[in-house]
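Each chain, written out:
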Amino acid sequence: GAGVSQSPSNKVTEKGKDVELRCDPISGHTALYWYRQRLGQGLEFLIYFQGNSAPDKSGLPSDRFSAERTGESVSTLTIQRTQQEDSAVYLCASSHVGNEQFFGPGTRLTVL
Amino acid sequence: QKEVEQDPGPLSVPEGAIVSLNCTYSNSAFQYFMWYRQYSRKGPELLMYTYSSGNKEDGRFTAQVDKSSKYISLFIRDSQPSDSATYLCAMSYHSGGYQKVTFGTGTKLQVIP
């Protein structure tokens, strides 16, 4: 079937606005990850969902960032009151627990 | 000190050359070692996955892990222009019931025809 999909592929917003990024994982994958990739940087872990367990939010950089996932389906990452330093590519990955992570193409966020 | 160090490059080689990409790490808890390839404006894709020290070969790619030195390498033989991409090393261990993965910053590779 299809791989991990993310939308939008590109998002340009003004400082102070809220944005919502969407991730559709591979069907049947119970684990879902969000990462942030700044220009020239590695992947920075943000949050992990596993089934109906409480998510691991330890990587979220501030309380402006939040994410939700309903069951084992779509996840949304919300950034409130965006700042210029939030500009990055936001990557989503899904996997069976403990196995290879399959990444989506990412959402490129630009905050003006 | 970062948990995982990787030279960002860029690395430019002629077609057919042998490429060596390396990472060092400081956390001895890492159990699994991976190499991802990321083409421009795409998500990373897994190339190699190893657990123990030693070598693992897959076609033109060889992954090498030296746990005693906390050093991993990826070798690409007979490099092709299609190998031009950013290569990210990644390492993980079990934490809280899942694999906690730490990525290197990536090395940008260009193979010149």
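Residues numbered from 1 in each chain as written. Chains lettered and ligands numbered in written order. Predicted model: local features only at pLDDT ≥ 70, side-chain atom pairs only at ≥ 80, totals over all residues. Heavy atoms only, no water.

Undergrad: So what's going on with the pairing of strand 8 (residues 88-95) of chain A? Residues and values would help.
TA: All names here are of chain A. Counted residue by residue, strand 8 has eight buried out of eight residues, so it is predominantly covered. Both faces of strand 8 are covered, namely the face carrying A88, Y90, C92 and S94 and the face carrying V89, L91, A93 and S95. When strand 4 (residues 31-37) meets strand 8, the two strands line up antiparallel, connected through seven bridges. Across the sheet, Q37 pairs through a bridge with V89, a residue of strand 8. In this sheet, strand 10 (residues 107-111) lies alongside strand 8 in antiparallel orientation, the contact comprising three bridges. Bridge pairing in strand 10 links V89 to R108. Bridge count between strand 8 and strand 9 (residues 102-103): two bridges; the pairing is antiparallel. Paired with S94 across the strands is F102, a residue of strand 9. (Buried < 20%, exposed > 50% of the residue type's maximum accessible area, 1.4 Å probe, protein only. Helix = DSSP H or I, 4+ residues; strand = E, 2+ residues; numbered from the N terminus. Pairing = 2+ DSSP bridges.)

Undergrad: Describe the sheet that holds strand 7 (residues 75-79) of chain A, and please don't skip the residues or the numbers.
TA: All names here are of chain A. Strand order across the open sheet formed by four strands is 1-3-7-6, with antiparallel pairing between neighbours. Looking along the sheet, the strands with just one partner apiece sit at the ends: strand 1 (5-7) and strand 6 (65-69). The mean inter-strand angle of the sheet, taken between neighbouring strand axes irrespective of direction, is 15°. In this structure, strand 6 lies alongside strand 7, joined through five bridges in antiparallel fashion. Bridge assignment links S66 to a residue of strand 7, and that residue is T78. (Axes fitted to C-alpha atoms, helices over the stretch in contact; angles between N-to-C directions.)

Undergrad: So, the confidence of the model for chain B: which residues are in play, and what are the values?
TA: Per-residue pLDDT for chain B has a mean of 92; in total, 99% of the residues score no lower than 70. When pLDDT is averaged over each element of chain B, strand 3 (residues 19-25) of chain B comes out on top at 97 and strand 10 (residues 98-103) of chain B at the bottom at 84. (pLDDT = per-residue confidence, 0-100.)

Undergrad: Please set out the interface of chain B and chain A residue by residue, giving values where relevant.
TA: Facing 17 residues of chain B, the contacting portion of chain A comprises 21 residues. Both sides together, the interface formed by chain B and chain A hides about 1,500 Å², and carbon and sulfur atoms give 53% of it. Its largest share of buried area at the contact with chain A, chain B owes to B:R41, B:Y98 and B:F103, together 35% of the area lost on that side. The interface formed by chain B and chain A contains zero salt bridges. (Contact = heavy atoms within 4.5 Å. Buried area = accessible area lost by both parts, 1.4 Å probe. Salt bridge = Lys/Arg side-chain N within 4 Å of Asp/Glu carboxyl O.)

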